[in-house]
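What the coordinates show
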Amino acid sequence: MSDKMVVDIGKALTSEKINSINEEKIIIATENLNFYYVADKPALIDVNIAIPEKKVTAFIGPSGCGKSTLLRCFNRMNDLIPDIKVHGKILIDGDDIHSNNIRLEDLRKKVGMVFQRSNPFPMSIYENVAFGPKVNGENSKSELDAVVESSLVQADLWREVKDRLNDSALDLSGGQQQRLCIARALANKPDIILMDEPASALDPISTGKIEETIEELRGNYTVVIVTHNMQQAARVSDYTAFMMVGELVEFNDTRSLFTNPNKKLTEEYITGRFG
């Protein structure tokens, strides 16, 4: 990591974002979580983490370290992959998400997801945002109009599309499509929003818009973001988790992790000695 990057990360860390984790309500927790794509080859190894409510938490680490796998465990997206195995517990608001009384539809309504590449539906901007509420039984036009507007405002997209809601979502730019996907997730009124490298395919201006959107969501939603960009983690997150080869190496408030890491391996990673 260059001296300039160190300075940039230092500037990105503001004291207003930092609170002791001991004072926060925990909304996501794992207990000795082990995850397998292939038998006898764990992708996650004994992960124990407690993620605070209504804060932004970033997962960092080199490619293949388990960041996205862990993220997708929180709304059981990995269930779509054949033959996976999960051992240990994942608790959302204290409830084990693998319990028989947890409905997958309810979990994914509570825990929204924004993927690495934007994936708008081939329909209008309006229908993209209204899709989830309609599936969940909302038929009132006035209610749908209000949800669409509110969600697009929160995703910082309303001003750009309010006069073209009936246009195809596929006509939007890449950055706009990604913010539309955030609005689509918000329309389901989730408590938690998972973001898997949401800006990795975007230009710097669009990336800045996504980061501004995350800043707007802070305090109202729990946001968990996977990023390879350590400067981005420093800019947007309250807490940061560093992972290596399936293990959680260190989890702390972002300022402490970047300026005074507890583990040598963390220090080596954030100073650019590997990764």
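Residues numbered from 1 in each chain as written. Predicted model: local features only at pLDDT ≥ 70, side-chain atom pairs only at ≥ 80, totals over all residues. Heavy atoms only, no water.

Right, let's talk about the nonpolar core for a bit. As a rule of thumb, nonpolar side chains are buried together in soluble globular proteins. Within the largest apolar cluster, 46 residues are counted, with the highest numbers of intra-cluster contacts made by Ile-60, Leu-152 and Met-195. Considering every element that reaches this core, the biggest residue donor is helix α7 (residues 174-186), with five residues. Leu-33, Cys-73, Phe-74 and Met-113 belong to the second largest nonpolar core, which has 29 residues in total. (Core = buried A, V, L, I, M, F, W, Y, C linked by side-chain atoms within 4.5 Å. Buried < 20%, exposed > 50% of the residue type's maximum accessible area, 1.4 Å probe, protein only. Helix = DSSP H or I, 4+ residues; strand = E, 2+ residues; numbered from the N terminus.)

Taken together, six strands build an open sheet; the order of strands is β6-β7-β8-β3-β9-β10 and the sheet is mixed. Across the chains shown, the open sheet's two edge strands, defined by having one partner strand only, are β6 (111-114) and β10 (247-253). Shown here is a sheet whose adjacent strand axes are inclined to one another by a mean of 15°, direction ignored. As defined by bridge partners, strand β7 (residues 192-196) adjoins strand β8 (residues 222-226) across five bridges and the pair is classed as parallel. Within the sheet, the bridge partner assigned to Asp-196 lies in β8 and is Val-226. Contacting β6 and β7, α7 crosses the sheet at an angle of about 170° to β6. (Pairing = 2+ DSSP bridges. Axes fitted to C-alpha atoms, helices over the stretch in contact; angles between N-to-C directions. Contact = heavy atoms within 4.5 Å.)

As a further point, take the packing of helix α4 (residues 125-135) against α7. Their axes nearest at 7 Å, the elements α4 and α7 cross at an angle of 30°. Crossing angle aside, the handedness with which α4 passes α7 is right-handed. In contact with Ile-125, Asn-128 and Val-129 of α4, α7 contributes Leu-180, Ala-183 and Arg-184. Residues of the contact of α4 with α7, tallied by class, amount to four nonpolar, one polar and one charged. (Left-handed = near helix turned anticlockwise from the far one by under 90°. Nonpolar A, V, L, I, M, F, W, Y, C, P; charged D, E, K, R; others polar.)

The four strands lie next to each other as β2-β1-β4-β5, forming an open sheet whose pairing is antiparallel. If you trace the sheet from one side to the other, it starts and ends with β2 (41-52) and β5 (95-96), each paired once. Where strand β1 (residues 26-38) meets β2, eight bridges bridge the pair, whose relative direction is antiparallel. Bridge pairing links Ile-28 to Ile-51 in β2.

On to the pattern of salt bridges, then. Per the counting criterion, the structure on display carries 19 salt bridges. Across the pair Glu-53 and Lys-25 runs a salt bridge, and its minimum N-O distance is 3.9 Å. Here Glu-53, found in the loop between β2 and β3 (56-60), pairs with Lys-25, found in the loop between α1 (3-12) and β1; they are 28 residues apart in sequence, far enough to count as distant. You can call Glu-53 partly exposed: its relative accessible area is 24%. The closest approach of N and O atoms between Glu-160 and Arg-179, which form a salt bridge, is 2.8 Å. Taken as a pair, Glu-160 in helix α6 (residues 158-161) and Arg-179 in helix α7 lie far apart in primary sequence, 19 residues in all. When its relative accessible area of 31% is taken as the criterion, Glu-160 is described as partly exposed. Of the residues examined, Arg-179 reaches a relative accessible area of 4% and is grouped as buried. (Salt bridge = Lys/Arg side-chain N within 4 Å of Asp/Glu carboxyl O.)

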